[in-house]
Amino acid sequence: VIVYSTFGIGNGILTIAALSFLGLGLVPPAPNWGGMLSTAMNYVFENAWWLIYPPGIAIVLVELGANFVGDALREAIDPRLKERA
């Protein structure tokens, strides 16, 4: 259950970011990475293309971090993996 919940954290972050990017997530005064990406897309062709990188990189790093934590917990807890070593 603990390992599964770490993978669920990453999926939840991606879901919230995707819905906020589409305008269906949190209301605009609330800061979120999907909303930041959506706002930055308005400025891509106005020489501010670099605005898409900070929220995009933050989403990727948090997703990878949650997945790595889940993998490490699975390796530490799963007795079947300990038998193979």
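Residues numbered from 1 in each chain as written. Predicted model: local features only at pLDDT ≥ 70, side-chain atom pairs only at ≥ 80, totals over all residues. Heavy atoms only, no water.

Describing the overall build of the chain
- Of regular secondary structure, the chain possesses four helices and zero strands.
- In sequence order, the secondary structure elements of the chain are arranged as α-α-α-α.
- Relative to the 2.2 N^0.38 estimate, which gives 12 Å for 85 residues, the radius of gyration of the chain is 17 Å and therefore markedly larger than a compact globule would have.
- Along the first, second and third principal axes, the C-alpha set of the chain runs to 55 × 25 × 15 Å. (Helix = DSSP H or I, 4+ residues; strand = E, 2+ residues; numbered from the N terminus. Rg over C-alpha atoms; globule rule 2.2 N^0.38 Å.)

Observations concerning the packing of helix α2 (residues 33–41) against helix α3 (residues 53–77)
- Contact geometry of α2 with α3 gives a least axis separation of 9 Å together with a crossing angle of 150 degrees. Judged by the inter-axis angle, α2 sits roughly antiparallel to α3. For the crossing formed where α2 meets α3, the hand is left-handed. Two secondary-structure elements touch here, α2 through W33, M36 and L37 and α3 through P55, G56, A58, I59 and V62.
- For the contact of α2 with α3, the residue count by class is seven nonpolar, one polar and no charged. (Axes fitted to C-alpha atoms, helices over the stretch in contact; angles between N-to-C directions. Parallel < 35°, antiparallel > 145°, perpendicular 65-115°, else oblique. Left-handed = near helix turned anticlockwise from the far one by under 90°. Contact = heavy atoms within 4.5 Å. Nonpolar A, V, L, I, M, F, W, Y, C, P; charged D, E, K, R; others polar.)

What about the side chain of S20?
- Along the chain, S20 falls in helix α1 (residues 2–22).
- Classification of S20 as buried rests on a relative accessible area of 7%.
- Once residues within four sequence positions are removed from consideration, S20 is found in contact with G25, L26, N32, G34, G35 and S38. (Buried < 20%, exposed > 50% of the residue type's maximum accessible area, 1.4 Å probe, protein only.)

Things to note about the side chain of E63
- Within the secondary structure, E63 sits in helix α3.
- One buried charged residue, E63, remains without a salt bridge, the closest side chain of opposite sign being R74 at 14 Å.
- With residues near it in sequence (within four places) discarded, E63 still touches G10, N11 and L14. (Lys, Arg positive; Asp, Glu negative; His and termini not counted. Salt bridge = Lys/Arg side-chain N within 4 Å of Asp/Glu carboxyl O.)

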